[in-house]
Amino acid sequence: MIDSKKLDPNFKFEVSKEIGGENIKHCFSCGTCTVGCPVREIDDKYNPRKIIRMVLLGMRERVLKSDFIWLCSMCYTCYDRCPQGVHLTDIMTALKNIAVREGYIHPAFKAQAELVGAFGRLYEVEDFDNKKRNKLGLPPVKKTFDEVTKLLKDSDLKELIK
Amino acid sequence: MKYALFLGCTIPVRSQNYEMSAREIAKKLGINFVDIEDFACCGFPVKSSSTEASLVLAARNLAIAAEKKLTICTLCNACTGVLTEANKELNENKELREKVNDKLSKIDKEFKKGVKIRHFSRILYEDIGLDELKGMVKRDLSSLKLSVHYGCHYERPKNLYDDFDDPENPISLDKLVEATGAKSVDYKGKLDCCGGAILGVQEDIALEMAKNKLDHVTANKVDGLVTHCPFCSIMYEDNRRKIESKFNVQYNNLPVFFYPQLLGLAMGLDKKQLGFRLNKIKATALLDKLGIE
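Residues numbered from 1 in each chain as written. Chains lettered and ligands numbered in written order. Predicted model: local features only at pLDDT ≥ 70, side-chain atom pairs only at ≥ 80, totals over all residues.

Before going further, it helps to examine the overall build of chain A. Broken down by element type, chain A carries 9 helices and 0 strands. For chain A, the N- to C-terminal ordering of α and β elements is α-α-α-α-α-α-α-α-α. Computed over C-alpha atoms, the radius of gyration of chain A comes to 19 Å, more than 25% over the 15 Å expected from 2.2 N^0.38 for 162 residues, which places it beyond the range of a compact globule. For chain A, the spread of C-alpha atoms along the three principal axes comes to 60 × 30 × 25 Å. Per-residue burial for chain A yields a buried fraction of 43% across its 162 residues. When contacts within chain A are restricted to residue pairs at least 6 apart in sequence, those whose partners lie at least 24 apart make up 63%. (Helix = DSSP H or I, 4+ residues; strand = E, 2+ residues; numbered from the N terminus. Rg over C-alpha atoms; globule rule 2.2 N^0.38 Å. Buried ≥ 20, exposed ≤ 12 C-beta atoms within 10 Å, placed from the backbone. Contact = placed C-beta atoms within 7 Å.)

Next up, the structure:
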């Protein structure tokens, strides 16, 4: 049941101000996104049409606290097929971005941000890796990037960066 | 032909066979890869947490390429997508560009317009061309039946890629495979995502996405699956055992390899140079079929 007193009518405007969230109000709920979604095909807990509808209705808390917004695999199938140019993949990213700022970051993305903050890459490069690369005839790669760490410490992810 | 080689995070430590084979065939084709050790993460891994942070990281790499006046050659689909998108956004949106450049100024870098980003497969398809590739074939691969996996971010979303291929009916990778003499076999769900981006979020969904792909590909009894993205490969190769035991299925060691490994074989290169030893699922049956020891 939706309790109208708990709805936040400004949520759609909030989303539309995010990078990539601009077109959310264009959605007319045709469901093209959901029909072609490879994640939805496996688990109907992820339903892009429903998520957009929830945002338009103002179900802010439920959307931002949910586990489903993290399930978009960012394949851009819906993005290309949407007749209204809603740019759904970007809307999901915008929702995740807001959720992160509200303190609901998913542990997988927290871990990724921490790794990139520490090493400038998603994986730590160890001496072993460069030795292996050398054996394979490949040039060594840098192990850390101070510039990346500095940039992330200056971003809205700064609390995650050591 | 000169490109700044963008390796990204995964390739240098987990897909050296992709890198080795790409470098080998580039040499053969007269492509000069410039290694830039300052290239770091493309920005994709932080995009879900902060689009702005992702743009800044992408812009840092683009700024480095601009200083060197080089087109970026990517090997990973996600790097291709994030760098191309950031480049477009920052070219078109002055306010965003100023914001990002303000951040970059603290490390003495600046995003400048004019950089281009190309996936290696697109370079082979557009800049080298199929005829030239066909002319380089030294080994007969006509006995091979293969399927290709395009992956996302290579030609999707459409507005990033100048219509070089059709995202709903792509042909470039099929044509590249056929240029080697092998046959490219169509299959159901060819455009479906590997699931890699949500492997850490909900593993069972990601693995089922990969399983569905492997089901459809193996239904046609092909000799192998050709990819051109390290993460797609991780889904179909590194996670194979896990998928087989979780879903109680068997894919009879269907090998997964990178397109440059296939092209290298066609060019008559040695399997060692092409890093076949590093493939987790050995392409033994395929190599035997070709009479390669």
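The helix and strand tally for chain B stands at 14 helices and 8 strands. Here the C-alpha coordinates of chain B stretch approximately 55 × 45 × 30 Å along the principal axes. Across chain B, the fraction of contacts at a sequence separation of at least 24, relative to all contacts at a separation of at least 6, is 77%.

Another point: the sheet that holds strand β4 (residues 117–119) of chain B. Residue and element names in this part refer to chain B. In spatial order, the strands read β2-β1-β3-β4; together these 4 strands make up an open sheet with parallel pairing. Each edge of the sheet is formed by a strand with only one pairing partner; in this case those strands are β2 (32–35) and β4. The sheet shows a mean angle of 40° between the axes of neighbouring strands, taken without regard to direction. Here strand β1 (residues 2–6) runs beside strand β3 (residues 71–74); their pairing, made up of 4 bridges, is parallel. Looking at the pairing, Leu-5 lines up with Cys-73 of β3. Relative to β4, helix α5 (residues 77–92) is tilted by about 160°, and along the sheet it contacts β1, β3 and β4. (Pairing = 2+ DSSP bridges. Axes fitted to C-alpha atoms, helices over the stretch in contact; angles between N-to-C directions.)

If you look at the interface, chain A gives 47 residues, while chain B gives 42 residues. For the side of chain A that touches chain B, the secondary-structure elements that each account for two or more residues are α5 (77–81), α6 (88–101), α7 (107–119), α8 (127–135) and α9 (146–153) of chain A. Of the residues assigned to the side of chain A that touches chain B, the class counts are 28 nonpolar, 8 polar and 11 charged. (Nonpolar A, V, L, I, M, F, W, Y, C, P; charged D, E, K, R; others polar.)

All names here are of chain B. Of the two faces of strand β7 (residues 224–227), the one carrying Gly-224 and Val-226 and the one carrying Leu-225 and Thr-227 are both buried. Two strands pair when backbone bridges link them, and β7 and strand β8 (residues 256–258) are joined in this way by 3 bridges, in the parallel orientation. Across the sheet, residue Leu-225 finds its bridge partner in β8, namely Val-256.

All right, on to helix α10 (residues 203–218) of chain B then. Given 3.6 residues to a turn, an α-helix orients residues that are three or four positions apart in the same direction. Residue and element names in this part refer to chain B. Between its first and last C-alpha, α10 extends 22 Å over 16 residues, near the 22 Å set by a 1.5 Å rise per residue. Along α10, the residues classified as buried are Ile-205, Ala-206, Glu-208, Met-209, Ala-210, Lys-211, Lys-213, Leu-214 and Val-217. Residues of α10 that are buried in the fold lie against β5 (145–148), β7, α11 (230–238) and α12 (240–247). (Expected span 1.5 Å × (residues − 1).)

Residues and elements named next belong to chain B. For chain B, the domain assignment lists domain 1 (2–119) and domain 2 (138–289). The partner domain 2 presents 23 residues to the 22 residues of domain 1 that form the contact. Residue contributions to the side of domain 1 that touches domain 2 peak at 9 residues, all from helix α2 (residues 16–29). Considered class by class, the residues forming the side of domain 1 that touches domain 2 number 7 nonpolar, 10 polar and 5 charged. (Domains from an automatic or database assignment.)

Before going further, it helps to examine the environment of Lys-116 of chain B. Residue position: Lys-116 of chain B is located in the loop between α6 (94–105) and β4. Lys-116 of chain B sits 90 residues away from Ala-26 of chain B along the chain, and the two C-alpha atoms are 19 Å apart.

Our focus in this paragraph is the confidence of the model for chain B. In this model, chain B carries a mean pLDDT of 97, and residues with pLDDT of at least 70 account for 100%. Overall fold confidence for the complex sits at a pTM of 0.98, while the interface term, ipTM, reaches 0.97. (pLDDT = per-residue confidence, 0-100.)

Here we take up the domain arrangement of chain A. Many authors give the size of an interface as the accessible area that is lost as the parts come together. Looking at the assigned domains, one finds that chain A contains domain 1 (10–101) and domain 2 (107–160). A separation of 30 Å is found between the C-alpha centroids of domain 1 of chain A and domain 2 of chain A.

What follows deals with unusual backbone geometry. Residue and element names in this part refer to chain B. Omega for the peptide link from Arg-156 to Pro-157 comes to -10°, which places this bond in the cis form. One can find Pro-157 in the loop between β5 and α9 (172–179). With a phi angle near 50°, Asp-162 is a residue other than glycine that sits in the positive phi range. Note on placement: Asp-162 falls in the loop between β5 and α9. The exposed category is assigned to Asp-162, around which 12 C-beta atoms lie within 10 Å.

All names here are of chain B. For the pair helix α4 (residues 51–68) and α6, the least separation of the axes is 10 Å and the interaxial angle reads 70°. Our classification of the angle between α4 and α6 gives roughly perpendicular. In this structure, α4 contributes Leu-55, Val-56, Ala-59, Arg-60 and Ala-63 to the contact, and α6 contributes Val-100, Lys-103 and Leu-104. Here the contact of α4 with α6 is composed, by residue class, of 6 nonpolar, no polar and 2 charged. (Parallel < 35°, antiparallel > 145°, perpendicular 65-115°, else oblique.)

Between its terminal C-alpha atoms α4 of chain B stretches 26 Å, which fits the 26 Å expected from 18 residues at 1.5 Å a residue. Burial of α4 of chain B is extensive: 15 of the 18 residues sit out of reach of the surface.

This part takes up the sheet that holds β7 of chain B. All names here are of chain B. With parallel pairing, 4 strands are arranged side by side in an open sheet as β6-β5-β7-β8. The open sheet terminates on both sides in strands that have one partner only, identified here as β6 (183–184) and β8. Against the sheet, α9 makes contact with β5, β6 and β7, and its axis sits at roughly 155° relative to β5, the strand it touches most.

One ladder, built from 3 bridges, connects β3 of chain B with β4 of chain B; its direction is parallel. Bridging from a neighbouring strand, Cys-73 of chain B pairs with Arg-118 of chain B of β4 of chain B.

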